[in-house]
Amino acid sequence: DKLKGYMLETAEDLVDNGYGLKLSTPKNIDVTFEAKDEGKTLAWVTSWVGDDGKAVKWEMTFDTKDVFGGRMNEDDIEGTVAHEMVHAVMSASGINWDESHNPKWFKEGTAEYLTGGDNRARNDIARVGLTNVLGLVDTTDISKQATSEFYSSSYLATKYLDKIVKDKTASAKDLNEVVVDMKNNSTLEQAVITVTGDTTFSLSSFY
């Protein structure tokens, strides 16, 4: 009851306030629980995608051994719920997260950026070094994309992209406008160009 009545609603408000993404019509997001391997993936959102590349059904799954098995404190649990809700709400708003359309690092980075990724990034950099963290930003290796270091690299890249948008628009616009433009099936690169007016911008040069 607390998950449904507080954590999920609070996380949805976070996405609305942070990125201006409020669902125009209610969407059902099924929540399921599985007891899987401890210490691995905590939670995940599964989307079923239609022919147009947009999601039409969503399911949020929590690993009860990790999230609700006494291994995490309440703040960490709320952070995990919020992270997954960012994915679910952004997908439900119409953003196409197929990796052939938008990069995985931006999907994870926007969730980390909204829920606060400084501590994770700081710890990962101290553990493996800045170069090893940043070097993962554009990886397509699924096993590497599941690591904490990839989440940190995604967070730092997203934070840097927000700075680029602000710099190019003299702080008149930021990542919010980019995310909202992506609802129109724009790619991340197209959205940045639209928001900043900089037709020379490309993700390849950004890396």
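Scroll up to find the structure.
Residues numbered from 1 in each chain as written. Predicted model: local features only at pLDDT ≥ 70, side-chain atom pairs only at ≥ 80, totals over all residues. Heavy atoms only, no water.

Student: Quick one: what's the story with the overall build of the chain, residue by residue and with numbers?
Tutor: Within the chain, the regular secondary structure consists of 10 helices and 3 strands. For the chain, the succession of helices and strands along the chain, N to C, is α-β-β-β-α-α-α-α-α-α-α-α-α. The burial tally for the chain puts 44% of its 207 residues in the buried class. Carbon and sulfur atoms form 46% of the exposed surface of the chain, whose accessible area is close to 10700 Å². (Helix = DSSP H or I, 4+ residues; strand = E, 2+ residues; numbered from the N terminus. Buried < 20%, exposed > 50% of the residue type's maximum accessible area, 1.4 Å probe, protein only. Areas by Shrake-Rupley, 256 points an atom, 1.4 Å probe, with all protein chains shown as cover.)

Student: Pulling in residues and values, what's your account of the pattern of salt bridges?
Tutor: Inspection of the entire model under this criterion finds 7 salt bridges. Ionic pairing is found between D124 and R127, a salt bridge with its closest N-O pair at 2.5 Å. A residue pair is termed a helical-turn pair when its members lie 3 or 4 positions apart in one helix, as D124 and R127 do in helix α4 (residues 118-128) at 3 residues. Sharing partners across several salt bridges, the network here consists of D124, R127 and E149. (Salt bridge = Lys/Arg side-chain N within 4 Å of Asp/Glu carboxyl O.)

Student: Please set out the side chain of K104 residue by residue, giving values where relevant.
Tutor: Checked against the element boundaries, K104 lands in helix α3 (residues 104-115). Those residues in contact with K104, other than ones at most four positions away along the chain, are E99, Q145 and F150. (Contact = heavy atoms within 4.5 Å.)

Student: Summarise the packing of helix α8 (residues 175-182) against helix α9 (residues 188-196); cite the residues concerned and give the values.
Tutor: Describing two packed helices takes the angle between their axes plus the distance from one axis to the other. Close contact between α8 and α9 brings their axes to 9 Å; oriented N to C, the two are set at 125°. The angle between α8 and α9 places the two elements in the oblique class. Here α8 runs over α9; the crossing is right-handed. Packed against α8, whose contacting residues are E177, V178, D181 and M182, the element α9 presents L188, A191, V192, T194 and V195 at the interface. (Axes fitted to C-alpha atoms, helices over the stretch in contact; angles between N-to-C directions. Parallel < 35°, antiparallel > 145°, perpendicular 65-115°, else oblique. Left-handed = near helix turned anticlockwise from the far one by under 90°.)

Student: Quick rundown of the packing of aromatic side chains? Include the residues and the values.
Tutor: Two aromatic rings, taken as a pair, are described by how far apart their centres are and by the angle between their planes. Applying the stated criterion across every chain yields a total of 3 aromatic pairs. Ring plane angle 45° and centroid distance 6.2 Å describe the contact between W97 and F106, whose orientation is recorded as tilted. In this structure, W97 and F106 share a single accessibility class: buried. By the ring-pair criterion, three or more aromatic residues cluster together here, those being W97, W105 and F106. (Phe/Tyr/Trp six-rings, centres within 6.5 Å; stacked < 30°, edge-to-face > 60°.)

Student: Any details on unusual backbone geometry? Residues and values, ideally.
Tutor: Unlike most non-glycine residues, S171 shows phi in positive territory, near 65°. For S171, the position within the fold is in the loop between α7 (148-168) and α8. With a phi angle near 70°, N185 is a residue other than glycine that sits in the positive phi range. Relative to the elements of secondary structure, N185 occurs in the loop between α8 and α9. Residue N185 is classed as partly exposed on the basis of its relative accessible area, which comes to 30%.

Student: Before we move on, could you go through the nonpolar core and cite the residues and values that matter?
Tutor: Membership of the largest hydrophobic core comes to 37 residues, with the highest contact counts inside it found for W105, F106, L161, V178 and L188. Secondary structure elements with two or more residues in this core: α1 (2-19), β3 (55-63), α2 (74-92), α3, α7, α8, α9 and α10 (203-206). With residues up to four places along the chain from it excluded, the contact list for F106 reads W97, T158, L161, L175, V179, M182 and L188. (Core = buried A, V, L, I, M, F, W, Y, C linked by side-chain atoms within 4.5 Å.)

Student: Break down the environment of E149 for me, with residues and values.
Tutor: Topologically, E149 is positioned in helix α7. Along the sequence, E149 and N123 sit 26 residues apart, while their C-alpha atoms lie 9.4 Å from each other. Residues contacting E149, with those up to four places away along its chain left out, are D124, R127, V128, V133 and L136. A polar side-chain atom of E149 sits 2.8 Å from a polar atom in the side chain of R127. (Polar contact = N/O pair within 3.5 Å; in protein donor to acceptor, adjacent residues only side chain to side chain.)

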